[in-house]
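Residue-level listing of the chains:
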Amino acid sequence: MSKKRVVITGMGTVNPLGNNVAQTWQTILNKQSGITNITKFDTENLSVKIAGEVKDFDYTQYFEGDMLKKAKRMDSFCHYAVAAMAEAAEQSGIETVPNKERIGVTLGSGIGGLQVQHDNSTAMAMKGPRRVSPFYIPMSIGNMAAGVVSILYGLKGPNFSLQTACATANHSIATGTMLIQNDMADMIVAGGSEGALLDISIAGFGNMRALSTRNEDPLTASRPYDTDRDGFVLSEGAAVLILEDYEHAVKRNAPIIAEVLSCGMSGDAYDFVQPDPEGKGAFIAMREAMRLAQLNPEDLGYINTHGTSTPLGDIAEAEGVAKLLGSAVDKCYVGSTKSYHGHLLGATSGVEAVITSLAIQNGIIPANINIFNRDPKLPPILLPQDIIEKPIKAALSNSFGFGGHNSSLILGKV
């Protein structure tokens, strides 16, 4: 028996480019970066003073009644997830679907409630254990965004969270797809959310020398594949995609944005934080995605790479991409939208899945911004610096996480 087809019928996002899908896409079409100076906390003692902040966001508009009171105790990663879900739910019409037992949630976070953890640890250290909130545990655990979304919408299907660092959202989408394919659900709310933009995370990543210190020019700080890149830019936000059995979507006349064709996965088995320098793990994930989707390299029109703007990671991934494409390397456009929105950790691949879906739907390949001097060490991959209008049959979106967790999602035109 052939597997069920899985399509995307709703999308929502909150990220440095905008607080909804339309704003995000328009900012990319305008070739504008969302990176700014940090305003959420004092950076005087920090070497890094830039980030991708969510702007003009009011979580209270997404909650009401008793849940609004509870929302005050929630971490921002839950707030962002609920906001993204609200947009995706409206587009998909998920609330009108009668059987909520057939709708599940696979919504993850790479770090979870870091603000809640930070605040309560500080309170205990300064004032003792009695000052630790009784809501500390439930409001900080990484699965709570999935829990809150399911409660708000009454979704009683499979409900759990994955945590694979920066690959979290891709793995969540892949798992949601498999649940539908195996008839365990008709619809799945999938994606990732992250609210880990704090002084302690800036200090931690900064001390690893993983972050860009281009404080004087935030707009050009995230520059994947540029020879002068000096690290990634930490960001925050969320993205939710409503996955649905194709026949179920057609029967209820739901909007179909793109199809989830496959997701390849692998492990680097190499290092805690550094990628395999030859891109072996990345290549395996991409190769498996292509095999599962039954595609040839010439079928790919666009690859949205992990491309974080780190010296080692960008080269390793590019080598894997070139190996995957082979003789079709001059036919597929490659880019990294992190040059726009920075790195949202566990939410990143969700945001990139949204953008990649829009690229397919509109036949528009985003430009790579901030490539001023292409790294001469790169293989001959196509890195357009202007928007390309071209029909896209299929596109691949990569996301790799600390620990060597690799995921390659392939989306296609319906």
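What you are looking at is a predicted structure, and each value in this text was computed from that prediction instead of being measured.

Draft legend 1. Quick peek at the pattern of salt bridges. Summed over the entire model, instances satisfying the criterion amount to 17 salt bridges. Arg 102 is paired through a salt bridge with Asp 186; the nearest N and O atoms lie 3.0 Å apart. Placement of Arg 102 in the loop between helix H3 (76–92) and strand E4 (103–108) and of Asp 186 in the loop between helix H7 (168–181) and strand E6 (187–194) is noted, with a sequence separation of 84 residues between them. By relative accessible area, which is 15% here, Asp 186 ends up buried. The salt bridge involving Lys 338 is made with Glu 352; its shortest N-O contact spans 2.7 Å. Remark: Glu 352 occurs in helix H13 (residues 348–362) and Lys 338 occurs in helix H12 (residues 338–341); sequence separation between them is 14 residues. Accessibility expressed as a relative area gives 0% for Lys 338, which makes it buried. Through salt bridges with shared partners, one network takes in Lys 4, Arg 102, Asp 183 and Asp 186.

Draft legend 2. Spatial organisation of the packing of helix H1 (residues 21–29) against H13. For the pair H1 and H13, the least separation of the axes is 11 Å and the interaxial angle reads 70°. Considering their axes alone, H1 and H13 lie roughly perpendicular with respect to each other. Judged by residue contacts, Val 21, Thr 24, Trp 25 and Ile 28 of H1 engage Val 354, Ile 355, Leu 358, Ala 359 and Asn 362 from H13. In the contact of H1 with H13, the residues fall into seven nonpolar, two polar and no charged.

Draft legend 3. Quick peek at the side chain of Asn 304. Looking at where Asn 304 falls in the secondary structure, it is placed in strand E9 (residues 300–304). Asn 304 gets classed as buried once you look at its relative accessible area, which sits at 0%. The residues touching Asn 304, leaving out its near neighbours within four places in the chain, are Gly 335, Ser 336, Thr 337, Glu 352, Thr 356, Leu 396, Ser 397 and Asn 398.

Draft legend 4. Region of the structure containing the pairing of E9. By the criterion of burial, E9 is predominantly enclosed, with five of the five residues buried. Pairing analysis gives four bridges linking E9 to strand E13 (residues 394–401), with the strands arranged parallel. When the bridges of E13 are listed, Tyr 302 appears paired with Ala 395. Here E9 pairs with strand E10 (residues 333–335) via three bridges, running parallel. By the bridge assignment, Ile 303 is partnered in E10 with Val 334. Following the chain from E9 across helix H11 (residues 311–325) to the adjacent parallel E10, one finds a crossover that is right-handed.

Draft legend 5. Structural view of H7. Between the first and last C-alpha of H7 there are 20 Å, a value that for 14 residues agrees with the 20 Å anticipated at 1.5 Å per step. Counting buried positions along H7 yields 13 of 14 residues, so the element is predominantly enclosed. Just past H7, the residue Asp 183 takes up positive phi, approximately 60°.

The rules behind these values
- Throughout this description, residue numbers start from 1 for each chain and increase along the sequence as written.
- Where local features are concerned, this predicted model is filtered to residues with pLDDT of at least 70; where side-chain atom pairs are given and counted, the filter is 80 or more; whole-chain, interface and lining totals use all residues.
- The side-chain figures draw on all heavy atoms in the structure; neither hydrogens nor water molecules are used.
- Here, a salt bridge means any side-chain nitrogen of Lys or Arg that lies within 4 Å of a carboxyl oxygen of Asp or Glu.
- Secondary structure counts use DSSP, requiring at least four H or I residues in a row for a helix and at least two E residues in a row for a strand, with both numbered from the N terminus.
- Each residue's exposure class comes from its accessible area (1.4 Å probe, protein chains only) as a fraction of the maximum for that residue type: buried when under 20%, exposed when over 50%, partly exposed otherwise.
- Note on definitions: angles span 0 to 180 degrees between N-to-C directions of axes, and those axes are lines fitted to C-alpha atoms, for helices only across the stretch in contact.
- Throughout, the term roughly parallel applies to angles under 35 degrees, roughly antiparallel to angles over 145, roughly perpendicular to angles from 65 to 115, and oblique to all others.
- Residue contacts follow a heavy-atom distance rule, with two residues in contact if any of their heavy atoms lie within 4.5 Å.
- Each residue is assigned to one class: nonpolar for Ala, Val, Leu, Ile, Met, Phe, Trp, Tyr, Cys and Pro, charged for Asp, Glu, Lys and Arg, and polar for all the others, Gly among them.
- When DSSP locates at least two bridges between a pair of strands, those strands are taken to pair.
- By convention a crossover is right-handed if, when the strands point away from the viewer, the path from the first strand over the helix to the second runs clockwise.
- For a helix, the expected span equals 1.5 Å multiplied by the number of residues minus one.

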